[in-house]
Amino acid sequence: MATSTSPTKGTPGRPPTAVKFARRTSSGRIVSLSRDDDLDISSDYGSGAANDYINYTVLMPPTPDNQPMADASASSGSTEQSKRAGLNRRGGGEEEGGNSGVGGGEKTERRMSLMKSNNKSMLLRSQTGDFDHNRWLFESKGTYGIGNAFWSKDENTYDGHDGIDISMDDFIDKPWKPLTRKLKIPAAILSPYRLLVGVRMIALGLFLTWRVRNPNKEAMWLWGLSVVCEIWFAFSWLLDQLPKLNPINRSTDLAALHDKFELPSASNPLGRSDLPGMDVYVSTADPEKEPPLVTANTILSILAVDYPIEKLSCYISDDGGALLTFEAMAEAVNFAEVWVPFCRKHNIEPRNPDSYFSSKIDPTKNKKRPDFVKDRRWIKREYDEFKVRINGLPDSINKRCDSYNAREERKEKNVAREKNGGVLPDEPVKFTKATWMADGTHWPGAWHSPCADHSKGDHAGIIQVMSKVPDNDPVYGHLDEKVLDFTGVDIRIPMFAYVSREKRPGFDHNKKAGAMNALVRASAILSNGPFILNLDCDHYIYNSLALREGMCFMMDRGGDRICYIQFPQRFEGIDPSDRYANHNTVFFDGNMRALDGLQGPVYVGTGCLFRRFALYGFHPPRANEYSGIFGQNKNPAANIQLQSEEEEDSDTQPLTAAHPDLHLPKKFGNSTLFTESIPVAEYQGRPLADHKSVKNGRPPGALLIPRQPLDAPTVAEAVAVISSWYEDKTEWGERIGWIYGSVTEDVVTGYRMHNRGWRSVYCITKRDAFRGTAPINLTDRLHQVLRWATGSVEIFYSRNNALLASPRLKFLQRIAYLNVGIYPFTSIFLVVYCFLPALSLFSGHFIVEGLDPMFLLYLFIITVTLALLSLLEVKWSGIALEEWWRNEQFWVIGGSSAHLAAVIQGLLKVVAGIEISFTLTSKSSGEDENDIYADLYLVKWTSLFIMPLTILVVNIVALVIGFSRTVYSVIPQWNKLFGGAFFSFWVLAHLYPFAKGLMGRRGRVPTIVYVWSGLVAITVSLLWISINPPDSKSGSIQV
């Protein structure tokens, strides 16, 4: 604290002006710490004194090392020139300089700097008498530093102690910065949310107790069915609700990531990127259902991503072995040579050209380079030509093949003619129509006319590196480079490889999971990036910084325990009303965000950044085990040592052996190069050891060594590891890589990692990280849900059931995984419950004897708490109420159709061993430019429609019958009608999107819908008349 005093003249042994030390007591008084007691806080500078210089007092903390020396008056001499001094953190003032005393003067010099003054010191006081810091800094051009205020002698240096120049960098404190932060949900939202969950649990318990104790003796069958369904619904709600008790948000610091890994330092003098390598996988299988143009745009968005070019590698897995996909990727790499530098030059977002050029946002927004419009016009024309080439590839390949096959046929005929004495034999010449590449050679993959060694299930392995490993140093373009001016722009593109694994008859290739494991092995040989990002062919990178955002979590303190970073799935091309809940925001913004507060979100198949070492089946460096009924006891997990097969199979092992998922992987295959790459990937994936709290880290600068170019033996080894026989007698698919045995291999793979003690993180970025497409057609949507539900049923009946999880899985995380396997079975009770309103209206009875006040009270409490919970969930998750309602509607639609079919198919597979086959979900290619929502109105009949259509028709017929009976009865029982009608309308409201989907465009209902509706209505009516014939004794009409 600085206080002014009048200059004291004539004090022997002291300079004309002095620094006085004081401290503030707890009561607010200022106590002098100087030898003389003439401390004058009020000062008299306001009295108009002519002196331009004032003294000040520095308020020091009351610590022993800050006490002034007793002999403060021993200083001698005075300066002829006044100097200004900055105050320690708290303010400023003026000092008429002099040398400090012995001992104490040295401390004073260390704490303050002396500077020049001007004659405006008396004007630097504000009207209140306080020192005006802003005006003082402005008029004196002063600069505050860390701890002291400084006036620079020049721009970068200062006069230090003993004549040593000091740079401002010497005073800047650079603390260790975390790369991520955990943002908790406000207690004002979360506490009431948890309270309401408890209130609803109690209300459900009391309600079910009342229901059991008060049966409807007039209709015991109706009462029994309803009670069983309600108990299951309460159990299902608990499984879904309990994991939502601890939702959290997270944020990343990209600036801190750049400072740590890409700024020049002692270990990185050139400022090269010290970030670990990244391998990006894109999977495709059928170019007819997954258009090559969509896949090519995804590849282009990856090649243009904002990540160190020399550290990035991209792979596409073509599980169909199609020449069309191969040549489309070659065209994409060719176009990437101009598209990628264009994106870097003008900072384009998004970097998917189709999405960028179709965006309705002004493209010139925030663009300042004068050549942007010219460059954009040129690149747009290039992209249009690129699209035309991609669209023309099928015809081009067919013409080429016809030409080459005609030539080969002529050769075969000439050979046959020569063998037959110059006469063409009568029998037709046997000739196989091949598929030809552009260089005139046979395509080693699947041919258009399938034959041995050239079909989708029988072809050789293919690896083609289409873009070589980039140079370690930037390669800048020139003025005449590809017409555009790329001066000062890095024109390198990442490495890109086309991979199609070998397929042979007699081998189980394990669908997508097998293809992903082949990519894992091939990429380990070619690039061995310690981190892997997998994307579907229709999910492109919408945020070019997404990879850096994910890397913030992996490279942060404790990041070595993270197995994967799951990003939310966002979709384009969805109808504005989102009729079938395609956005699925309740799951991605609600459930997944809540799981992030436990052990982490589940893996959902795409948009996931993996740690390669975790995919190999190894354990995290540190893990915890949870014991007790609710997992309340937490203890560090012991490290499991690698055992030989003899030791593991020995009879001396205890009966209480470790959980199967806790065994370490051993059988990786016979590739030495692959085995040697495992410890390298583990080491390179460690976070930076730049702080004592970072465990299991690596030293800075360890990843600056440039990658070696690929040679022929390396590529040959990569081809060997994707052969169909490589996984024989190995643990691939059992403990290593993507796990086999389920249609939903993604959920099982993530579950196995969590079971070993790893944790995952949910990364929601401000700008969507990835975007993709989703089926908006009702039939396609139901088949997609059918696939997911069938996989869940398989999980429930397998060893991946969460009831059999290891002690390393948290209790609430176990509940979440248990819900994943159980939720399809809710469809059985849902279908029964949807028929109960109709049965109530048919029979004239209700699920209770009458509308009892206690029944209505419990129903009111349960409904209100559910509504309040939904509102609070909307608050902390950010979803809209309309999205929540769409999710509820589709839960009934999917539960009464796809989920029920999944349960039946799962039971058939378990009991009878009947395998389930699924077709690919069609990806929209955007060919219908007139109406992008044309698929929404397309009605494609499927057997999944039968059950929800039956529920719909039966409830409508029941409403008519129930209303007629009540109106024409002698003693109308309106309470029973209202009870049944209310629940019937509840069912119809949930099925409204389904009914709307059956209407097609402008009410064009397919004939089969009319047939089924009429058939169901007539059957139900006749059945009910035969069960309960009309009674005319009373002279009234009773239906």
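Reading guide: rules and limits
Residues numbered from 1 in each chain as written. Predicted model: local features only at pLDDT ≥ 70, side-chain atom pairs only at ≥ 80, totals over all residues. Heavy atoms only, no water. Buried < 20%, exposed > 50% of the residue type's maximum accessible area, 1.4 Å probe, protein only. Helix = DSSP H or I, 4+ residues; strand = E, 2+ residues; numbered from the N terminus. Pairing = 2+ DSSP bridges. Axes fitted to C-alpha atoms, helices over the stretch in contact; angles between N-to-C directions. Parallel < 35°, antiparallel > 145°, perpendicular 65-115°, else oblique. Left-handed = near helix turned anticlockwise from the far one by under 90°. Contact = heavy atoms within 4.5 Å. Nonpolar A, V, L, I, M, F, W, Y, C, P; charged D, E, K, R; others polar. Phe/Tyr/Trp six-rings, centres within 6.5 Å; stacked < 30°, edge-to-face > 60°. Lys NZ or Arg CZ within 6 Å of the ring centre and 35° of its normal. Disulfide = S-S within 2.5 Å. Salt bridge = Lys/Arg side-chain N within 4 Å of Asp/Glu carboxyl O. Right-handed = clockwise from strand over helix to strand, strands pointing away. UniProt positions renumbered as here; feature names shortened; annotations may be inferred.

Let's talk about the pairing of strand β26 (residues 759-762)
Alright, step 1. Here β26 shows no split at all, with R759 and V761 on one side and S760 and Y762 on the other all buried.
Alright, step 2. Of the pairings in the sheet, the one linking strand β21 (residues 562-566) to β26 comprises 4 bridges and is parallel in character. The partner of Y564 across the bridge, within β26, is S760.

Regarding the sheet that holds strand β20 (residues 540-541)
Alright, step 1. Taken together, 3 strands build an open sheet; the order of strands is β20-β27-β22 and the sheet is mixed. In the strand order of this sheet, the two ends are held by β20 and β22 (571-572), each with one partner.
Alright, step 2. Two strands pair when backbone bridges link them, and β20 and strand β27 (residues 770-773) are joined in this way by 2 bridges, in the antiparallel orientation. Within β27, the position partnered with Y540 by the bridge is R771.

A word on the packing of helix α20 (residues 826-843) against helix α23 (residues 898-912)
Alright, step 1. Between α20 and α23, the shortest axis-to-axis distance is 8 Å and the interhelical angle comes to 130°. As summarised for this structure, α20 and α23 are arranged oblique, according to the angle between their axes. As α20 runs across α23, the sense of the crossing is left-handed. Every residue of α23 that contacts α20 at S827, I828 and V831 is listed here: H899, L900 and V903.
Alright, step 2. Its residues placed into classes, the contact of α20 with α23 shows 4 nonpolar, 2 polar and no charged.

Focus: the packing of aromatic side chains
Within a pair of aromatic rings, the relevant descriptors are the distance that separates the centres and the angle that separates the planes.
Alright, step 1. Tallying each qualifying case throughout the model produces 47 aromatic pairs.
Alright, step 2. Where F207 meets F855, the ring centres are 6.1 Å apart and the plane angle is 40°; that geometry is what we call tilted. Placement of F207 in helix α3 (residues 187-213) and of F855 in helix α21 (residues 853-877) is noted, with a sequence separation of 648 residues between them. In this structure, F207 and F855 share a single accessibility class: buried.
Alright, step 3. Connected via pairs of aromatic rings, a cluster forms that spans F207, W210, F846, F855, Y858, F982 and F983.
Alright, step 4. Taking the ring centre of W237 as reference, the NZ or CZ of R200 above it sits at 4.8 Å.
Alright, step 5. A cation sits over an aromatic face here: R781 above F890, 4.5 Å from the ring centre.

Quick notes on the state of the cysteines
Such a bond, covalent and formed between the sulfur atoms of two cysteines, is termed a disulfide.
Alright, step 1. This structure, assessed with the given rule, holds 0 disulfides.
Alright, step 2. Lacking any disulfide linkage, C563 is separated from the closest cysteine sulfur, that of C608, by 7.7 Å.
Alright, step 3. We classify C563 as buried; its relative accessible area is 0%.
Alright, step 4. Residue classification places C608 among the buried positions, given a relative accessible area of 0%.

Structural notes on the pattern of salt bridges
Alright, step 1. Taken as a whole and assessed by the stated rule, the structure comprises 41 salt bridges.
Alright, step 2. The residue D690 makes a salt bridge to K260 at a minimum N-O spacing of 3.4 Å. Remark: K260 occurs in helix α5 (residues 254-262) and D690 occurs in the loop between α15 (672-684) and α16 (712-720); sequence separation between them is 430 residues.
Alright, step 3. Given a relative accessible area of 30%, D690 falls into the partly exposed group.
Alright, step 4. In this structure, R767 engages E349 in a salt bridge whose closest nitrogen and oxygen atoms are separated by 3.7 Å. Of this pair, R767 sits in the loop between β26 and β27 while E349 is found in the loop between α7 (323-346) and α8 (353-357), placing the two residues 418 residues apart along the sequence.

Things to note about the pairing of strand β14 (residues 312-318)
Alright, step 1. Most of β14 is tucked away: 7 of the 7 residues are buried.
Alright, step 2. With burial as the criterion, each face of β14 is covered, one bearing L312, C314, I316 and D318 and the other bearing S313, Y315 and S317.
Alright, step 3. Taken together, strand β13 (residues 278-284), helix α6 (residues 292-303) and β14 constitute a β-α-β crossover, and its handedness is right-handed.
Alright, step 4. Of the pairings in the sheet, the one linking β14 to strand β18 (residues 495-500) comprises 5 bridges and is parallel in character. Note that in β18 the partner of S313 across the bridge is M495.

What to know about the environment of M753
Alright, step 1. Inspection of the secondary structure assignment puts M753 in helix α17 (residues 745-755).
Alright, step 2. In the structure, M753 is positioned 137 residues away from Y616 in sequence and 9.8 Å away in space, judged by C-alpha atoms.

Looking at the UniProt feature "transmembrane region" (unreviewed entry) in the protein chain
Alright, step 1. As recorded in UniProt, the feature "transmembrane region" (unreviewed entry) lies at residues 816-842, 854-872, 944-965, 977-995 and 1007-1027.
Alright, step 2. Structurally, residues 816-842 comprises 89% helix and 0% strand, and the distance from its first C-alpha atom to its last is 39 Å.
Alright, step 3. Within the segment residues 944-965, helix and strand shares are 91% and 0% respectively, and the terminal C-alpha atoms sit 33 Å apart.

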